[in-house]
Amino acid sequence: QVQLEESGGGLVQAGGSLRLSCAASGRTFSSYSVGWFRQAPGKDRDFVAAISRSGGTTEYADSVKGRFTISRDNAKNTVYLQMNSLKPEDTAVYYCAAGASGWYGRRRDNYNYWGRGTQVTVSS
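None of the values given here were measured: they were computed from a predicted structure.

Participant: Explanation requested: the state of the cysteines in the structure shown.
Facilitator: A covalent bond between the sulfur atoms of two cysteines is what we call a disulfide. Within this structure, the stated rule accounts for one disulfide. Between the sulfur of Cys22 and that of Cys96 lies a disulfide, 2.1 Å long from S to S. The S-S bond linking Cys22 to Cys96 shows a torsion near 65°; that makes this disulfide right-handed. Within this pair, whereas Cys22 is found in strand S3 (residues 18–25), its partner Cys96 is found in strand S9 (residues 92–99), the two being separated by 74 residues in sequence. There is no split in this pair, since Cys22 and Cys96 are both buried.

Pasting the structure below:
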């Protein structure tokens, strides 16, 4: 079992940047692949980015390619989401999720553990 907690959300103007962190505790962090998802009011929880256990493989939603970067530091038990060139449509609650059995990628329902989320609001 692993516990996840997101941080770094807030209010930012369009075109600005924000870095989210997902801190893990409870078990060996390097055993889990991690994904970022987001959910706006009245919308589904959509895939944003994912990273493999070692950090060697990443995947991004088309809507964030070239703007967002996912990375991890297993020594610090943390996964990051660097968000640049933010748009109002990026406004959502952002969640990190962990999976212990291989690669889950964008398959939301297959992740085993979830954080409580952090709010990101992009103003125009």
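After that view of the structure, there is still more to cover.
Participant: Help me out: how do you make sense of the sheet that holds strand S1 (residues 3–7) in this one?
Facilitator: Within a sheet, each strand pairs with its neighbour through backbone hydrogen bonds, oriented either parallel or antiparallel. Read from one edge of the open sheet, four strands run S1-S3-S8-S7, paired in antiparallel fashion. Looking along the sheet, the strands with just one partner apiece sit at the ends: S1 and strand S7 (68–73). This sheet shows a mean twist of 15° between the axes of neighbouring strands, independent of strand direction. One ladder, built from six bridges, connects S7 with strand S8 (residues 78–83); its direction is antiparallel. Its bridge partner being in S8, Asp73 is matched across the sheet by Thr78.

What counts as what
Residues numbered from 1 in each chain as written. Predicted model: local features only at pLDDT ≥ 70, side-chain atom pairs only at ≥ 80, totals over all residues. Heavy atoms only, no water. Disulfide = S-S within 2.5 Å. Helix = DSSP H or I, 4+ residues; strand = E, 2+ residues; numbered from the N terminus. Buried < 20%, exposed > 50% of the residue type's maximum accessible area, 1.4 Å probe, protein only. Pairing = 2+ DSSP bridges. Axes fitted to C-alpha atoms, helices over the stretch in contact; angles between N-to-C directions.

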